[in-house]
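Chain by chain, the residues:
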Amino acid sequence: MARPITHDATLRSRLIDVASAMIDRDGPDRFSVREVAGGAGTSTSAVYSLFGSKAELITAVVADSFASFARAQREAEPGGLRALGEAYRAWALRHPDRYRLMFSGAIAGAPHGATSADGDPEPDPELDALLPLARTLTGADRVDEGVDLRSTLAVWAQVHGAVSLELARVAPPWIDTDAVYAAVLDAIAAVHPGR
């Protein structure tokens, strides 16, 4: 009797890593499930068994990327606002493919605050990633309609813009991107002293 095929968390992670690199190289519409499976050393049936579809694989890559980014933010949070900004950039520079995908709108329209089949709230990867910054700036222990996020989103927009420009390589080659980013963090600190 043949043994049943099992697909574990290690294979799932490997598929997400391979898909992430391929999406960055070819775009979310141009990579194939067959290429992802081949790159991960498995079959297309494993991809469909673990994710259901190509679109759900892309969603998993984005969710996994936000989760990794959120972990880096939580680890930096005790260091304050500047540490969060430095961790933001460091994560993006280590994972440029995932960073671009996270903010590409690949999961735009996904419902926020969804519930699972058993009625528990589903984690919202974007809001979870925002929470360390929101806590640092507002003291809020949650991110929902009852929390004023204007200052949080303004700071996020500043670091996001600087990092996105750096990754796009739009500055002249002689520009010191470390110094530019330090100036962005200095400007944020001037508006939010002691954070």
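Structural notes, computed from the coordinates. Being a predicted model, the structure only gives us computed values, none of them experimental.

**Remarks on the overall build of the chain**
Logical step 1: When you go through the chain residue by residue, the secondary structure sums to 9 helices and 0 strands.
Logical step 2: Put simply, the chain runs from its N terminus to its C terminus through helices and strands in the order α-α-α-α-α-α-α-α-α.
Logical step 3: Each of the 195 residues in the chain was classed as buried or not, and the buried ones make up 38%.
Logical step 4: Looking at the chain alone, contacts between residues at least 24 apart form 59% of all its contacts between residues at least 6 apart.
Logical step 5: Summed over its atoms, the accessible surface of the chain is roughly 11,000 Å², and 55% of this surface lies on carbon and sulfur atoms.

**Focus on the nonpolar core**
Logical step 1: Core analysis: the largest hydrophobic core is formed by 55 residues, its most contacted members being V36, L57 and Y88.
Logical step 2: Beyond its immediate stretch of four places on either side in the chain, V36 contacts L15, V18, A19, M22, F31 and L57.

**Some words on the pattern of salt bridges**
Logical step 1: For the structure on display, the rule yields 11 salt bridges.
Logical step 2: A salt bridge links R98 to D17; its shortest N-O distance comes to 2.5 Å. Of the two residues, R98 sits in helix α6 (residues 96–102) while D17 sits in helix α1 (residues 9–26), which places them 81 residues apart along the sequence.
Logical step 3: In this structure D17 comes out as partly exposed when scored by relative accessible area, which is 45%.
Logical step 4: Here E166 ties to R89 by a salt bridge, and the two come within 2.8 Å at their closest N and O atoms. In this pair, E166 sits in helix α8 (residues 150–168) while R89 sits in helix α5 (residues 81–94), placing the two residues 77 residues apart along the sequence.
Logical step 5: Through salt bridges with shared partners, a single ionic network connects D17, D64 and R98.

**Thoughts on a nonpolar patch on the surface**
Logical step 1: Taken together, the side chains of W174, I175 and V180 define a hydrophobic patch exposed on the protein surface, amounting to about 330 Å² of accessible area.
Logical step 2: Its place among the elements puts I175 in the loop between α8 and α9 (177–191).
Logical step 3: With a relative accessible area of 32%, I175 lands in the partly exposed category.

**A word on the packing of aromatic side chains**
Logical step 1: Counted by the stated rule, this structure contains 8 aromatic pairs.
Logical step 2: Pairing F69 with Y88 gives two aromatic rings, centres 5.1 Å apart and planes at 90°, and the pair type is edge-to-face. Here Y88 lies in helix α5 and F69 lies in helix α4 (residues 54–76), a separation of 19 residues in the sequence. For the pair shown, F69 and Y88 are each scored as buried.
Logical step 3: Seen from their ring centres, Y88 and Y99 are 5.8 Å apart, and the 85° between their planes marks the pair as edge-to-face. Taken together, the positions of Y88 in helix α5 and Y99 in helix α6 put the pair 11 residues apart, joining distant regions of the chain. Residues Y88 and Y99 agree in their burial class; the two are buried.
Logical step 4: In textbook terms, an aromatic cluster arises when at least three aromatic residues are bridged by ring pairs, as seen for F66, F69, Y88, W91, Y99, F103 and W156.

**Looking at the packing of helix α2 (residues 33–40) against helix α3 (residues 44–51)**
Describing two packed helices takes the angle between their axes plus the distance from one axis to the other.
Logical step 1: Following both chains from N to C, one finds α2 and α3 inclined at 105°, their axes separated by 8 Å at the closest point. One way to sum up the angle between α2 and α3 is to call them roughly perpendicular. Contacts between α2 and α3 involve V33, R34 and A37 from the first element and T44, V47 and Y48 from the second.
Logical step 2: For the contact of α2 with α3, the per-class residue count stands at 4 nonpolar, 1 polar and 1 charged.

Calculation rules
- Residues numbered from 1 in each chain as written.
- Predicted model: local features only at pLDDT ≥ 70, side-chain atom pairs only at ≥ 80, totals over all residues.
- Heavy atoms only, no water.
- Helix = DSSP H or I, 4+ residues; strand = E, 2+ residues; numbered from the N terminus.
- Buried < 20%, exposed > 50% of the residue type's maximum accessible area, 1.4 Å probe, protein only.
- Contact = heavy atoms within 4.5 Å.
- Areas by Shrake-Rupley, 256 points an atom, 1.4 Å probe, with all protein chains shown as cover.
- Core = buried A, V, L, I, M, F, W, Y, C linked by side-chain atoms within 4.5 Å.
- Salt bridge = Lys/Arg side-chain N within 4 Å of Asp/Glu carboxyl O.
- Patch = residues over 30% accessible without salt bridge, like charges linked within 9 Å, V, L, I, M, F, W, Y side chains within 5 Å.
- Phe/Tyr/Trp six-rings, centres within 6.5 Å; stacked < 30°, edge-to-face > 60°.
- Axes fitted to C-alpha atoms, helices over the stretch in contact; angles between N-to-C directions.
- Parallel < 35°, antiparallel > 145°, perpendicular 65-115°, else oblique.
- Nonpolar A, V, L, I, M, F, W, Y, C, P; charged D, E, K, R; others polar.

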